[in-house]
Amino acid sequence: VGVDCLQPDATGMKTALPPLTALQILEMTQKVRSNLYHARDDGESGRTFLSKGFLRQAKRCAEENLKTLTPYLEQGKPILGVEPSALLSFRDEYNRFGLPSEQVQKLANNSFLVEEFLAKQLEAGHMSPEQFTSEEKEIQLHVHCHQKALSDSKVSCDVLGIPANYKVRLMP
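Residues numbered from 1 in each chain as written. Predicted model: local features only at pLDDT ≥ 70, side-chain atom pairs only at ≥ 80, totals over all residues. Heavy atoms only, no water.

*Asks:* Can you break down the nonpolar core residue by residue, with the values?
*Replies:* Core analysis: the biggest nonpolar cluster contains 16 residues, and I79, F90, Y94, F97, L99 and L107 have the highest contact counts within it. Secondary-structure elements contributing two or more residues to this core are α3 (55–74), α4 (84–92) and α5 (101–109). The element that contributes the greatest number of residues to this core is α3, accounting for five residues. For Y94, the contacting residues outside a window of four places in its chain are S45, C61, A62, N65, S89, L99, V104 and L107. (Core = buried A, V, L, I, M, F, W, Y, C linked by side-chain atoms within 4.5 Å. Buried < 20%, exposed > 50% of the residue type's maximum accessible area, 1.4 Å probe, protein only. Helix = DSSP H or I, 4+ residues; strand = E, 2+ residues; numbered from the N terminus. Contact = heavy atoms within 4.5 Å.)

Below you can see the structure in the form of structure tokens.
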């Protein structure tokens, strides 16, 4: 979910926890009675093109994403993303392509990392620690660099700490 998590194994060594799968994300959103709609599976945010300086290709990706996602946005559906640098391109880079500003702003305002979405659900009272395991875990969290720059690391800590006996420590 846009984060790397480490947990001590039986020997005390830190081992990487596997990233959340689409099925786990679906299960978590069902806990808050949200319906997920699968917009596309071949989507490219354009972020990889941007990182290499291929601006025309990145703009084409942005245009295609706006075309694909606008119907969902018009229905008031949030856009969830798992990969921080890809999703956060909607907030940061898309407004620089000269695309329809109202559509780009609507996409930016309604695009969330999964943990941001779940944090909003928690804040609204749609989730509680009782819905999750009571198992004890210590989690060391390393947040993606794009997430550090354009989101809030505390959100990831808060969401990972929803289960009552989870202790989350943010790594620098």
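*Asks:* Go over the packing of helix α6 (residues 114–123) against helix α8 (residues 153–160) with me, naming the residues and quoting the values.
*Replies:* Viewed as axis vectors pointing N to C, α6 and α8 meet at an angle of 65 degrees, and their least axial separation amounts to 9 Å. Crossing hand, α6 versus α8: left-handed. Counting all contacts with α6, which are made through E115, E116, L118 and A119, the residues of α8 involved are V155, S156 and V159. Per-class residue counts for the contact of α6 with α8 are four nonpolar, one polar and two charged. (Axes fitted to C-alpha atoms, helices over the stretch in contact; angles between N-to-C directions. Left-handed = near helix turned anticlockwise from the far one by under 90°. Nonpolar A, V, L, I, M, F, W, Y, C, P; charged D, E, K, R; others polar.)

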